[in-house]
Amino acid sequence: MPADLVIVANRLPVDRVTQPDGTQGWRPSPGGLVTAIEPVMRANDGTWIGWPGGPSEDADAGDLDPFEADGLQLVPIGLTAEEIELFYEGFSNATIWPIYHDLVAKPEFHREWWDSYVKVNEKYAAKAASVAAEGATVWVHDYQLQLVPQMLRELRPDLRIGFYLHIPFPPAELFQQLPWRRQLLEGLLGADLVGFQLPGGAANFVRLVRQRVGHKTHRDLVYLPDGRTVRAAAFPISIDAAGFEALASDEAVVARAAEIREALGSPRRIFLGIDRLDYTKGIYARLRAYAELIETGELDVEDAVFVQVAVPSREQVEQYRILRDEIDRLVGRINGDLGRIGRPAISYLHSSYPREEMAALYTAADVMVVTPYRDGMNLVAKEYVACRTGDDGALVLSEFAGAADELRQAWLVNPYDINGMKAALLEAYRADGKELTRRMKAMRRTIKKHDVAAWADAFMTELADVEHSTHAKSVR
Ligand code: GDG
C-alpha cells in the first residue's frame, strides 16, 4: 500500500523483543524522536520506516515484513551485527555525535565506518522509494540518515523531501574536520527543506554549503545549479504539553509522586536529573556541584536529596561504558563520604521507566536540573515544565541546551562553570513561592503555545510550500 506520508528514521517507534516462549513481539520504545513524531504519524496515516533494534541474520534476505503496531504502519529495516557496529555505533555515534556536540568527546574517523554509513543510507533510501506513493511527502530524520535525501531524490524525483536534524548542527570550524564533509552536505541538499532546532544550526549549514560546496545562497535559501532551491530553517521541537499535563493531574500519578517523596525520607527539597546516560548531558559535573554544596554545609542530606535517573544508552560504544563507570564511582564516593544511614546524598537509578513514573518524578521534584554541555533541544526540561500544574518548581537549565532559547525564565547556567552551577542550584533551592510561580507561569505559557503539534505543523506547512516557492523562483 503506497503511502502519502513516509517517515524515515533510524529507529522504529517500537523495539523487537523475544518473549519468554521464544516468539517475537514488539514493545513501544521511549526516546526524544519517538515522543515527537508519533502524533504526526497518527494524524496523517503515515508509514514509518526504521530499524526495530537488534541484529538480523541476513539484512538483505527480506526477513522483516511490514506490520501494524498500535495502529501505526511500520516497515522494518534489518541491520546486520556488522552494520550495527560500523554504521550505528561507529559512524553515527562515535564520529557524527561527538562532532555535532561541540567535541565533548573525541570523534573517531574510520573509512570502513563511512562505507557502512553510505550502504545503510542506501538501504533506507531504497525502502522509502519503494513505499512512497507518487508525489508523496517523505520526512527523513536525524544524523544517522543525512545521505538519504539525495539518494532518495535520485531514485524518486517526484517526491517532496523534508529532513529534520534533532541534534545541533556544528559551526564550520568543527564540521570541516570531517573527511566526508562535502558528501554529507550534498546528501542533505537532496531535501527541499532542511530543518534544524535553532536558527544557528541553519545558519551554520548555509554558510558551509556556500564555503564547501560553492552554491549560491541568500539568507535561508540555497540555489542549486539545476534550478532547485533548498530552504534551511529552524523548527524548535517540543512535547505533547497537554498530554503531560493530563498525566501529571492523574490521581495515580499524584499519589505515586507523594509515595516517591515519602520513600526518599520526606526531604524538604528533591532535586532531579533525568538523562540518557550520555557524555553530552553533563551528569558528572552536575553531581559534583551538588556534592560540594553538601560538603560545605550549604545543603544538608537531612533536607535535600538529588535523584539522578540515568537511562541506559549505547552501551556497546566504549565512551559510554567509560562514562558509566566514572559516574558509578562518583556516586559511590559521594554517598560514601557524605551520606548518612537512610539518607544518601544522591539517589542514583540506572534504568528506564514508564511515562507515568517519569511524570510522577517530575511532579515530586522541586528543582529539575538539566545541564548538558550541548543538546539540540532537551525535551526533559519541557516535560518538567508541562507537569508543574501548580505553577511551582524550579528549572536549572544549561545555556547550551536548545530549550534555553525558549525557557528564558529558568535559572540558566554554564555547565562548565561549577561555581556558577552551585550558585544557581542554591538560588533555585532557596527561591520563594512567588518567584517560582512567576517563572514557571511564563515557561508554561511558552510550551503550551509551542507544543509538538505546532512544531510538526510548522515543518509540514513549510515543506508543502517550499516546492511552490521553488517553482515561483525558477520561473521568475
Ligand atoms: C534527542 C536530542 C532533542 C527518557 N528516558 C525515558 C523516557 N525518556 C524520554 C524523555 C524525553 C526523551 O526520552 C529524551 O529526549 P531529550 O530531548 O531529553 O534527549 P535525547 O534522547 O538526547 O533526544 C535532543 C530530542 O532528540 C528531540 O529532538 O530534544 O536534544 O539529543 O521525551 O521523556 N521515557 C520513558 N522512560 C524512560 O526511562 N517513558
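Cut-offs used in this document
Position numbers for residues start from 1 in each chain and track the written sequence from start to end. Where local features are concerned, this predicted model is filtered to residues with pLDDT of at least 70; where side-chain atom pairs are given and counted, the filter is 80 or more; whole-chain, interface and lining totals use all residues. Any residue with 12 or fewer other C-beta atoms within 10 Å of its own C-beta is exposed, any with 20 or more is buried, and the rest are partly exposed; the C-beta atoms used are placed from the backbone. Going along the chain from the N terminus, every DSSP run of H or I of four or more residues is numbered as a helix, and every run of E of two or more is numbered as a strand. The rule for pairing is simple: two strands pair if DSSP sees at least two bridges between them. The span you would expect from a helix comes to 1.5 Å times its residue count less one. Directions drawn from the helix axis to the C-beta atoms are what define this arc. Placing C-beta atoms from the backbone, we regard two residues as in contact once those atoms come within 7 Å. Axis definition: a line fitted to C-alpha atoms, limited for helices to the stretch in contact. Angles are taken between N-to-C directions and run from 0 to 180 degrees. Note on angle classes: values under 35 degrees are labelled roughly parallel, values over 145 roughly antiparallel, values of 65 to 115 roughly perpendicular, and the remainder oblique. Polar here means any residue outside two lists: the nonpolar Ala, Val, Leu, Ile, Met, Phe, Trp, Tyr, Cys and Pro, and the charged Asp, Glu, Lys and Arg; Gly therefore counts as polar.

S.K.: Would you take a moment to explain the pairing of strand β6 (residues 72-76) for this structure?
M.R.: For a regular strand, side chains alternate in direction, first toward one face of the sheet and then toward the other. A large share of β6 lies buried, amounting to 4 of its 5 residues. Of the pairings in the sheet, the one linking strand β5 (residues 67-69) to β6 comprises 3 bridges and is antiparallel in character. Residue Glu 68 lies in a different strand from β6, and its bridge partner there is Gln 73. Counting the residues in the hairpin turn of β5 and β6 gives 2 residues, including Asp 70, whose phi is positive at 55°.

S.K.: Even after reading the chapter, I still don't get helix α14 (residues 418-430), so can you show me in this structure?
M.R.: Given 3.6 residues per helical turn, the α-helix brings residues three or four places apart onto the same face. Between its terminal C-alpha atoms α14 stretches 18 Å, which fits the 18 Å expected from 13 residues at 1.5 Å a residue. Buried within α14 are the following residues: Met 421, Lys 422, Ala 424, Leu 425 and Ala 428. In a view along the axis of α14, the buried residues occupy a sector of 165°, so they form one face of it. Residues of α14 that are exposed and angled more than 90 degrees away from the buried face: Asn 419 and Arg 430. Those residues of α14 that are buried are in contact with α10 (283-295), β16 (367-370), β17 (394-398) and β18 (411-413).

S.K.: Got a minute to help me understand the pairing of strand β2 (residues 14-18) in this structure?
M.R.: Inspection of the sheet shows β2 paired to strand β3 (residues 24-28) by 5 bridges, in the antiparallel sense. Directly across from Arg 16, in β3, lies its bridge partner Trp 26. The hairpin formed by β2 and β3 contains 5 residues between the paired strands, and Gly 22 there has a positive phi angle of roughly 95°.

S.K.: Would you take a moment to explain the sheet that holds strand β11 (residues 221-223) for this structure?
M.R.: Neighbouring strands of a sheet are bound in pairs by backbone hydrogen bonds; such pairs are parallel or else antiparallel. The strand order across the open sheet formed by 10 strands is β5-β6-β4-β1-β7-β8-β9-β12-β11-β10, and the pairing between neighbours is mixed. Looking at the sheet topology across the chains shown, the edges are occupied by β5 and β10 (216-218). Averaged over neighbouring strand pairs, the angle between their axes works out to 25° when direction is ignored. Relative to the sheet, helix α7 (residues 199-213) contacts β9 (193-196), β10, β11 and β12 (229-234), its axis offset from that of β12 by approximately 150°.

S.K.: Looking at this structure, I do not really get the environment of Leu 379. What am I missing?
M.R.: The residue Leu 379 is located in helix α13 (residues 379-387) in this model. Residue Leu 379 is classed as buried on the basis of its 25 C-beta neighbours within 10 Å. For Leu 379 and Gly 71, which are 308 residues apart along the polypeptide, the C-alpha to C-alpha distance reads 25 Å.

S.K.: I would appreciate a short explanation of the packing of α10 against helix α11 (residues 318-338) in the present structure.
M.R.: Angle between the axes and distance between the axes: these two values describe a pair of packed helices. As a packed pair, α10 and α11 sit with axes 11 Å apart at the nearest point and diverge in direction by 10°. When the axis of α10 is compared with that of α11, the two are roughly parallel. On the side of α10, the interface is formed by Ile 283, Tyr 284, Leu 287, Ala 291, Ile 294 and Glu 295, while α11 contributes Glu 326, Ile 327, Leu 330, Val 331, Ile 334 and Leu 338. Classifying every residue of the contact of α10 with α11 gives 10 nonpolar, no polar and 2 charged.

S.K.: Help me understand the sheet that holds strand β13 (residues 269-276), please; the structure alone is not making it clear to me.
M.R.: Spatial ordering of the open sheet is given by β15-β14-β13-β16-β17-β18, a layout of 6 strands whose pairing is parallel. The sheet is open, and its two borders are formed by β15 (346-350) and β18, each paired with just one other strand. Averaged over all pairs of adjacent strands, the angle between their axes in this sheet comes to 15°, without regard to strand direction. The strands touched by α14 within the sheet are β13, β14 (304-311), β16, β17 and β18, with β18 carrying the most contacts at an inclination of about 170°.

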